[in-house]
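Structural features, examined
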Amino acid sequence: MSTTLSNISNVSLSATNSTVQHRLNGSGIGTNLTGQTVYIGQGGFVYGANNQSSMPGNEVGITAQIAEHLAFGFALTETERRQVESYLAIKYGTTLVDLTTDTNYRNSTGNPIFTADGIYQYDIFGVAKDLRGGLDQRISKSINNDGGQATNIITASTDNNFINQNDTHANQLTDGQYLIFASNNGAQTFTGKTITAADGTQFNNSLAVQWKATDTNKVGCTNLRFDATNIPALASGENYYMLISQDPSFTNSIYQKVVRTNNTIDVIPNFADNSNSYFTLAKANLNITGSTVKGGQVGISSIPGLLPSASDTWLELNAKSKGMVITRVSDANNIPAGNRLKGMIVYDTTKKEFKVYNGTEWRTLGTSTSTSIFCN
């Protein structure tokens with residue numbers, strides 16, 4: 001057992017032959033611990049050094065602090081064992097290793113709240129509230145180093161504090177909500193894989209490490225902090241972007257520019273309710289530049305004598321008590337395809353929202369999709 005990482009040590013007694021078995025981090029096969037953990041015939045176990053001559057066993061102590069001890073006076077079923085292990089794993093950021101016998105992390109009622117799919121099964125962690133199971137995890141970070149590849153670079157929090165103890169964070173989760181993350185154990189390097197976003201933008205450099213997020217019961221906006229210490233720096237003109245997709249192939253990704261500050265990258269996504277989302281970071285130079293437009297002062301004003309005030313606008317509308325009304329339609333899709341132009345804006349009177357046509361589809365103005373994926 002590692003002395004630097006949290007572990008789930010499951011010690012169980014066989015009622016049939018009085019042998020003691022040990023499972024580490026939810027492993028599926030128990031190991032007979034004869035000479036290490038000893039059944040003393042009184043229904044109990046001894047932690048630490050056993051220096052009593054009346055009790056058989058070795059003299060080796062435990063080099064660790066026991067954060068939590070759960071004892072059951074009955075044999076747990078496989079599902080019940082997984083429920084207990086899931087509770088501990090989410091609370092302490094310890095990835096379970098038995099992902100063949102039972103591929104699921106389970107809530108207090110035994111229902112799956114995350115399924116390892118053979119790819120996204122590393123560095124599993126999350127935030128959750130499960131009152132029946134005694135779980136109220138408001139900040140979480142995987143501390144595992146699976147397969148020798150350290151991919152534990154994300155901290156999830158219910159607020160914008162990524163340091164303080166769990167119970168100091170915003171109590172915004174409701175009972176039954178789970179948001180669980182897992183990585184593909186990829187490297188923190190940019191690859192040549194091309195990801196095409198929903199608006200056609202191509203990202204030719206995404207991280208080899210990618211994540212899956214499973215939202216149960218609409219957790220909503222969640223603060224994420226990437227540890228960017230080992231993420232390669234940008235070249236001139238490049239920016240970092242977070243890409244989110246409902247497809248593990250990252251088709252039709254939604255993206256947002258993110259900023260690296262003191263080797264951290266903060267972003268607040270809202271993952272799809274009761275579904276899987278996939279995300280990663282990418283870098284790109286989208287050739288977006290700013291420049292001042294000269295000589296473009298054209299204005300419409302209801303204020304006598306008032307001229308356009310800015311030299312970097314093509315058109316300025318100015319009034320003290322008037323507003324602008326753009327084209328109103330009951331449904332943006334009623335506009336024939338041949339009449340749609342990229343950048344066209346209308347107001348949908350049925351859905352009560354502005355729509356902009358991006359050349360392929362109508363998107364709600366001001367958000368990445370009709371449901372805001374990026375809360376900031």
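Residues numbered from 1 in each chain as written. Predicted model: local features only at pLDDT ≥ 70, side-chain atom pairs only at ≥ 80, totals over all residues. Heavy atoms only, no water.

**What to know about the overall build of the chain**
- For the chain, the helix and strand inventory stands at 1 helix and 27 strands.
- Residue burial in the chain is summarised as follows: out of 376 residues, 38% are buried.
- Here the chain displays about 20,200 Å² of accessible surface, and carbon together with sulfur accounts for 49% of that area. (Helix = DSSP H or I, 4+ residues; strand = E, 2+ residues; numbered from the N terminus. Buried < 20%, exposed > 50% of the residue type's maximum accessible area, 1.4 Å probe, protein only. Areas by Shrake-Rupley, 256 points an atom, 1.4 Å probe, with all protein chains shown as cover.)

**Describing the sheet that holds strand S27 (residues 362-364)**
- With mixed pairing, 4 strands are arranged side by side in an open sheet as S24-S25-S26-S27. Whereas interior strands pair on both sides, the edge strands pair on one side only; in this sheet they are strand S24 (328-329) and S27.
- Where strand S26 (residues 353-357) and S27 come together, 3 bridges link them in antiparallel fashion. Pairing of Lys355 across the sheet is with Thr364, part of S27. (Pairing = 2+ DSSP bridges.)

**Some remarks on the nonpolar core**
- Grouped together as the largest cluster of nonpolar side chains are 31 residues, with contacts concentrated most on Phe181, Leu224, Phe226, Met242, Phe271 and Phe279.
- Per element, the largest residue contribution to this core is 3 residues, and it comes from strand S17 (residues 239-245).
- Excluding residues that lie within four positions of it along the chain, Phe279 makes contacts with Ile154, Phe181, Gln210, Trp211, Ala213, Leu224, Phe226, Met242, Leu243, Ile244, Phe250 and Phe271.
- In this structure, Ile113, Tyr120, Ile195 and Phe250 belong to the second largest nonpolar core, which totals 27 residues. (Core = buried A, V, L, I, M, F, W, Y, C linked by side-chain atoms within 4.5 Å. Contact = heavy atoms within 4.5 Å.)

**What about the sheet that holds strand S9 (residues 154-157)?**
- Read from one edge to the other, the open sheet built from 5 strands follows the order S8-S9-S16-S20-S19, with strand pairing classed as antiparallel. Both edges of this open sheet fall to strand S8 (139-141) and strand S19 (260-261), since each of them pairs with a single strand only.
- Pairing of S9 with strand S16 (residues 223-227) involves 4 bridges; the strand directions are antiparallel. By the bridge assignment, Thr155 is partnered in S16 with Arg225.

**Examining the pattern of salt bridges**
- Counting across every chain of the model gives 12 salt bridges.
- With its nearest N and O atoms 3.3 Å apart, the salt bridge here joins Asp117 to Lys212. You can see Asp117 sitting in the loop between strand S5 (112-115) and strand S6 (122-130) and its partner Lys212 sitting in strand S15 (residues 211-216), a full 95 residues away along the chain.
- A salt bridge links Lys283 to Glu238, with the shortest nitrogen-to-oxygen separation between them at 3.7 Å. Of the two residues, Lys283 is situated in strand S21 (residues 275-284) and Glu238 in the loop between S16 and S17; the sequence distance between them amounts to 45 residues. (Salt bridge = Lys/Arg side-chain N within 4 Å of Asp/Glu carboxyl O.)

**Quick notes on unusual backbone geometry**
- Look at Asn25: it is not a glycine, yet its phi comes out positive at around 55°.
- For Asn25, a relative accessible area of 10% translates into the label buried.
- Positive phi, close to 55°, is recorded for Asn252, a residue that is not glycine.
- By the element assignment, Asn252 lies in the loop between S17 and strand S18 (254-258).
- Overall, Asn252 belongs to the exposed group, its relative accessible area being 57%.

**Focus on the packing of aromatic side chains**
- Following the criterion strictly, the structure yields 16 aromatic pairs and no others.
- Here the aromatic rings of Tyr357 and Trp362 are separated by 5.1 Å at their centres, their planes lie at 55°, and the arrangement is tilted. This pair shows no difference in class: Tyr357 is buried, exactly as Trp362 is.
- By the ring-pair criterion, three or more aromatic residues cluster together here, those being Phe125, Phe181, Trp211, Phe226, Phe271 and Phe279. (Phe/Tyr/Trp six-rings, centres within 6.5 Å; stacked < 30°, edge-to-face > 60°.)

**Structural notes on the side chain of Thr214**
- With respect to the secondary-structure elements, Thr214 resides in strand S15.
- Judged by relative accessible area, Thr214 falls into the buried class, the value being 10%.
- Polar contacts involving the side chain of Thr214 include one to the side chain of Asn276, which spans 2.7 Å.
- Thr214 has contacts with Ile113, Phe114, Tyr178, Leu179, Ile180, Ser275 and Asn276, leaving out every residue within four places of it along the chain. (Polar contact = N/O pair within 3.5 Å; in protein donor to acceptor, adjacent residues only side chain to side chain.)

**Brief notes about the pairing of S9**
- Neither face of S9 is exposed, since Ile154 and Ala156 on one face and Thr155 and Ser157 on the opposite face are all buried.
- Inspection of the sheet shows S8 paired to S9 by 3 bridges, in the antiparallel sense. What sits directly across from Ile139, in S9, is Ser157.

**Let's talk about the environment of Glu68**
- When you line up the elements, Glu68 lands in the loop between strand S3 (31-32) and helix H1 (78-92).
- When residues no more than four places from it in sequence are discounted, the contact partners of Glu68 are Tyr87, Leu88, Lys91 and Tyr92.
- Within the structure, Glu68 has its side chain in polar contact with the side chain of Tyr87 (distance 2.5 Å).
- There is a polar contact of 2.7 Å between the side chain of Glu68 and the side chain of Tyr92.

**A few points about a nonpolar patch on the surface**
- On the surface, Leu70, Phe72 and Phe74 cluster together to form a nonpolar patch covering roughly 290 Å² of accessible area.
- Mapping Phe74 onto the fold places it in the loop between S3 and H1. (Patch = residues over 30% accessible without salt bridge, like charges linked within 9 Å, V, L, I, M, F, W, Y side chains within 5 Å.)

**Overview of the side chain of Thr158**
- Along the chain, the position of Thr158 falls in the loop between S9 and strand S10 (177-183).
- Among the polar contacts listed, one links the side chain of Thr158 to the backbone oxygen of Ala170, at a separation of 2.7 Å.

**So, the pairing of S17**
- Across the 7 residues of S17, 6 count as buried, placing the element largely inside the fold.
- Direction of pairing for S17 relative to S21: antiparallel, over a ladder of 7 bridges. Looking at the pairing, Tyr241 lines up with Ala282 of S21.
- As paired strands, S17 and S18 are joined by 5 bridges and run antiparallel to one another. For Tyr240, the partnering residue across the bridge sits in S18 and is Val258.

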